[in-house]
Amino acid sequence: PLPTAEKPDFLTWDLDPDEAVPWNEVLGAALLLRDYLAEHGLTAMVKTSGGKGLHIMLHLKRTQEWEVMKAFTKAVAAAVAALNPKRFTITSSKSKRAGKIYIDWLRNGRGATCVAPWGLRARPGATVSMPIDWDQLPEIVAAGFNIHEPPLRPTEWVKLKPQTVSTKVLKKLGVI
């Protein structure tokens, strides 16, 4: 059977730092989100956004509707933000994001967009949203990658294994 667009195959959390946030805190936030997902039996991947942040992603089996998965991404973002509310927010309002990392979970609704892996951004310097392995994360600089650099093919991205967010996890996080 053909895949259905009514059920997502990827989820994305966009770590979008305020300009005042040091880059090493963005790197730490990525690891914190990765570890939170791992505690729930999920294996996340990471890529640069091609902007000023990072994208944490889950590759999924198409088992749940968009509404359920959007609620799941919000619940995860809220739980991680609650670990350090002075450094994280899930509020999209620019005025409430000063000095914080915005954990943007809104990229996960039906019809919402997010730059694709290896996607070129329409920005000065022709930046690229580059997939990386987790062990490369400490080497990544805030500027990320641009069109003049060779594309990486991280091992974690070669044979993606789709996962299922279990009913147990969805219940634990109050999604269903």
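In the block above lies the structure referred to throughout.
Residues numbered from 1 in each chain as written. Predicted model: local features only at pLDDT ≥ 70, side-chain atom pairs only at ≥ 80, totals over all residues. Heavy atoms only, no water.

Asker: How would you summarise helix α2 (residues 66-83) if you had to cite specific residues and measurements?
Answerer: Given a rise of 1.5 Å per residue, 18 residues ought to cover 26 Å, and the 26 Å separating the end C-alpha atoms of α2 matches this to within 8%. Buried within α2 we find Trp 66, Val 68, Met 69, Phe 72, Thr 73, Ala 75, Val 76, Ala 77, Val 80 and Ala 81. Elements in contact with the buried residues of α2: β1 (10-17), α1 (23-39), β3 (54-59), β4 (88-89), β5 (101-104) and α4 (167-172). (Helix = DSSP H or I, 4+ residues; strand = E, 2+ residues; numbered from the N terminus. Expected span 1.5 Å × (residues − 1). Buried < 20%, exposed > 50% of the residue type's maximum accessible area, 1.4 Å probe, protein only. Contact = heavy atoms within 4.5 Å.)

Asker: Help me get a handle on the sheet that holds β1, residues and values and all.
Answerer: Overall, mixed pairing links the 6 strands, which are arranged β4-β5-β1-β3-β2-β8 in an open sheet. Two strands lie at the open edges of the sheet, namely β4 and β8 (131-132), each paired on one side alone. Bridging between strand β2 (residues 45-48) and β8 involves 2 bridges; their strand directions are antiparallel. Counted as the bridge partner of Lys 47 is Pro 131 from β8. Helix-sheet contacts for α1 involve β1, β3, β4 and β5, and the interaxial angle to β3 is about 15 degrees. Packing of α2 onto the sheet brings it into contact with β1, β3, β4 and β5, and relative to β1 it is tilted by some 35 degrees. (Pairing = 2+ DSSP bridges. Axes fitted to C-alpha atoms, helices over the stretch in contact; angles between N-to-C directions.)

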